[in-house]
Amino acid sequence: MESLPLETAEKIILRWDSTASEEAREKMIFTGEHREDADLYLQAVDEIQRSLSSVAVSEKVNSAIQIAMARLEDEFRNILISHTNNASFDPTTEEESHHHPHHHQDPPSSSSSPMHPHNADDGEEVDKTSLLLRFDSDGAASSAASSYRSISSIREVDLLPSDAVYDLRCIAERMVSSGYLRECIQVYGSVRKSSVDASFRKLGVEKLSIGDVQRLEWEQLENKIRRWIRAAKVCVRTIFASEKKLCEQIFDGVGTAIDDACFMETVKGPAIQLFNFAEAISISRRSPEKLFKILDLHDALTDLMPDIDVVFDSKSSESIRVQAAEILSRLGEAARGILSEFENAVLREPSRVPVPGGTIHPLTRYVMNYISLISDYKVTLNELIVSKPSTGSRYSGDPGIPDMDLGEFEDKTPLDVHLIWIIVILQFNLDGKSKHYKDASLAHLFVMNNVHYIVQKVRGSPELREMIGDDYLKKLTGKFRQAATSYQRATWVRVLYCLRDEGLHVSGGFSSGVSKSALRERFKAFNGMFEEVHRTQAVWLIPDSQLREELRISISEKLIPAYRSFLGRFRSHLESGRHPENYIKYSVEDLEDAVLDFFEGIPVSQHLRRRSE
């Protein structure tokens, strides 16, 4: 293309001077309608710039270049705004493409803390319906339309059409070569930052300071963390990556690192806004209910770190990379601290009021649901938990802390040992709580119920069972069986003692026989004791139906043969006397039926049912 005469170039520049012409104010050059106008204007700018390099530069030429730069700045802004407003990119659509189904259960609600076990989940499992959406960390990117190119998990989208990019690059080259770099960067950054802010709003990324986040209740934050995880993937992998690509398309090669300067002008504020939320969570007050959301954040940020390193790879964006890495480190430290605090909370949980009927304590349910979730996060936690708990011989002199020989668990990971330690301190606390029962039999039943629940939760989770190990599981099984034996001894030894032969036989003179008065007293004692045990223990509760049945069978196996034998040997001695029904009140079948009332948690009538009635 031939160069224009300087005078013609000046006329073209002045014709489009918006300060001097109504037409110039109302019309834009780079609209795509009259391409020749745009090309001619750029040609005129080139000629003016060439004339600036000659020795003698007139006032007129200086004025023309200033008018041209003001005009180009307006055109630059208009192209950006018009195409930004018309862009078809929808971040919420991108959000779905980045989303994968969750694979972790959610923790018990924050109200169910070890310090408030009465609020703990009463169900056998964490409520599945309340699980929050969680993200897969495989970083996979699905195939997309031709407007995307896939680099690892990054999904760039073309933010502006190619003809607009071409015009913007043409304008940028001329503004930069005329010394208007700062103005170019400012215009670009202000328009594109507004676009990023709009995408943030669509994604639900709020403008919250660290202080704002820390003042929110944890229940509110749980939802915001879920939203942040979803949004952060789109922000880094699509929004920031696409903005970086656009900067490269327009500014790469125009000047030294101008593309990077424009990129940071656009995204630095939004990036800081995005990561400030995660930073606020990482430095917030630690408490057990926060562990799993903090691990979700840690997983999401770990997943994003390679993409953050790619998108923010320049010297000027180093602060963003450093901030993200520091947040990741602090989240890991928070998880370690929370696990330690959870252990201490379980050990010190202070409730002293015995649970009615010796059933499963809310603390037991809470702790076992909690460590089941810990096992669900074991991949992450095995990386974060690198030291075993501070326990064992070091604390053996402290009666307020149980002892545990770490030597037994040398083949276990630190996380595995922490889970075993949590079960050890839970049992230690439960043993303390059992002492608040006035009835020794009920204390044993309470221990049996709770340790059996622990065993069942471990057996019910393949992950947890593998981590705890069969050796320790055998110890736990032995403990609840021992508690069942202790219960039977405390309750039934004295009852069965009434059915012994000793003390019933009399001898003297020429005959020996059975003392009917002693026999009557023996039957009365047995009836009274059994009725009291029946009345009392019917309201005790064994929630596990199989365990309840096993203990009833074990009771029957000792009680029924002993009663049948006693009745067989001695009933004839009373049946010939007056009112034998006052002493032989129950048949063997009556006792068999009565045992079925035990441990149902339901009061029974004052008197035993008798089939004969």
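Residues numbered from 1 in each chain as written. Predicted model: local features only at pLDDT ≥ 70, side-chain atom pairs only at ≥ 80, totals over all residues. Heavy atoms only, no water.

A. Looking closely at the overall build of the protein. The number of helices and strands found in the protein is 21 helices and four strands. Across the 613 residues of the protein, 51% fall into the buried class. Excluding contacts between residues fewer than 6 apart, the proportion of contacts in the protein whose partners are at least 24 apart in sequence is 81%. In the structure as shown, the protein presents an accessible area of about 28200 Å², 50% of it carried by carbon and sulfur atoms. (Helix = DSSP H or I, 4+ residues; strand = E, 2+ residues; numbered from the N terminus. Buried < 20%, exposed > 50% of the residue type's maximum accessible area, 1.4 Å probe, protein only. Contact = heavy atoms within 4.5 Å. Areas by Shrake-Rupley, 256 points an atom, 1.4 Å probe, with all protein chains shown as cover.)

B. Representation of the environment of lysine 457 within the structure. Secondary-structure assignment places lysine 457 in helix H16 (residues 440-460). The class of lysine 457 is buried, set by a relative accessible area of 8%. In this structure the C-alpha to C-alpha distance between lysine 457 and isoleucine 371, which are 86 residues apart in sequence, comes to 9.6 Å.

C. Examining the packing of aromatic side chains more closely. Summed over the entire model, instances satisfying the criterion amount to 23 aromatic pairs. Look at tryptophan 492 and phenylalanine 530: their rings are 6.0 Å apart centre to centre, the planes differ by 45°, and that puts the pair in the tilted class. You can see tryptophan 492 sitting in helix H18 (residues 470-497) and its partner phenylalanine 530 sitting in helix H19 (residues 516-537), a full 38 residues away along the chain. Since its relative accessible area comes to 4%, tryptophan 492 is described here as buried. We classify phenylalanine 530 as buried; its relative accessible area is 0%. (Phe/Tyr/Trp six-rings, centres within 6.5 Å; stacked < 30°, edge-to-face > 60°.)

D. Molecular detail of the packing of helix H9 (residues 218-251) against helix H10 (residues 258-282). In contact at an axis separation of 10 Å, H9 and H10 are set at 170° when each is read in the N-to-C sense. Overall, the two elements H9 and H10 adopt an arrangement that is roughly antiparallel. Of the residues contributing to the contact of H9 with H10, the split by class is 21 nonpolar, one polar and five charged. (Axes fitted to C-alpha atoms, helices over the stretch in contact; angles between N-to-C directions. Parallel < 35°, antiparallel > 145°, perpendicular 65-115°, else oblique. Nonpolar A, V, L, I, M, F, W, Y, C, P; charged D, E, K, R; others polar.)

E. Quick look at helix H3 (residues 35-52). For H3, with 18 residues, the first-to-last C-alpha span of 26 Å sits near the 26 Å given by 1.5 Å per residue. Those residues of H3 that fall on the buried side of the exposure criterion are Asp37, Ala38, Tyr41, Leu42, Gln43, Ala44, Val45, Glu47, Ile48, Gln49 and Ser51. (Expected span 1.5 Å × (residues − 1).)

F. Structural detail: a negative patch on the surface. Side chains of Asp403, Asp405, Glu410, Asp411 and Asp471 sit close together on the surface and give a patch of like negative charge. With respect to the helices and strands, the residue aspartate 471 is situated in helix H18. On the accessibility criterion, aspartate 471 (64% relative accessible area) is exposed. (Patch = residues over 30% accessible without salt bridge, like charges linked within 9 Å, V, L, I, M, F, W, Y side chains within 5 Å. Salt bridge = Lys/Arg side-chain N within 4 Å of Asp/Glu carboxyl O. Lys, Arg positive; Asp, Glu negative; His and termini not counted. Charge placed at Lys NZ, Arg CZ, Asp CG, Glu CD.)

G. Structural view of H16. With 21 residues, H16 ought to run about 30 Å at 1.5 Å a step, and its terminal C-alpha atoms sit 30 Å apart, in line with that. Residue aspartate 439 occupies the N-cap position of H16, its side-chain oxygen lying 2.8 Å from the main-chain nitrogen of serine 441. (Polar contact = N/O pair within 3.5 Å; in protein donor to acceptor, adjacent residues only side chain to side chain.)

H. Structural detail: the pattern of salt bridges. Under the counting rule described, the total for this entry stands at 37 salt bridges. Between lysine 378 and glutamate 463 there is a salt bridge whose closest N-O contact spans 3.0 Å. Within this pair, whereas lysine 378 is found in helix H14 (residues 378-384), its partner glutamate 463 is found in helix H17 (residues 462-468), the two being separated by 85 residues in sequence. What makes glutamate 463 partly exposed here is its relative accessible area of 35%. Its salt-bridge partner being lysine 585, residue glutamate 531 comes within 2.9 Å of it at the nearest N-O pair. Note that glutamate 531 is positioned in helix H19 and lysine 585 in the loop between helix H20 (545-575) and helix H21 (588-595), a separation of 54 residues in sequence. By sharing partners, the salt bridges in this structure join Asp46, Arg169, Glu173 and Arg174 into a single network.

I. Summary view of the environment of glutamate 183. Tracing the sequence through the fold places glutamate 183 in helix H7 (residues 181-203). You can call glutamate 183 partly exposed: its relative accessible area is 27%. For the pair formed by glutamate 183 and methionine 69, sequence separation is 114 residues and the distance between their alpha carbons is 9.5 Å.

J. Just unusual backbone geometry, in detail. At phenylalanine 599, a residue that is not glycine, the phi angle is positive and equals roughly 65°. Mapping phenylalanine 599 onto the fold places it in the segment after H21. Taking relative accessible area as the criterion, phenylalanine 599 reaches 0% and is therefore assigned buried.

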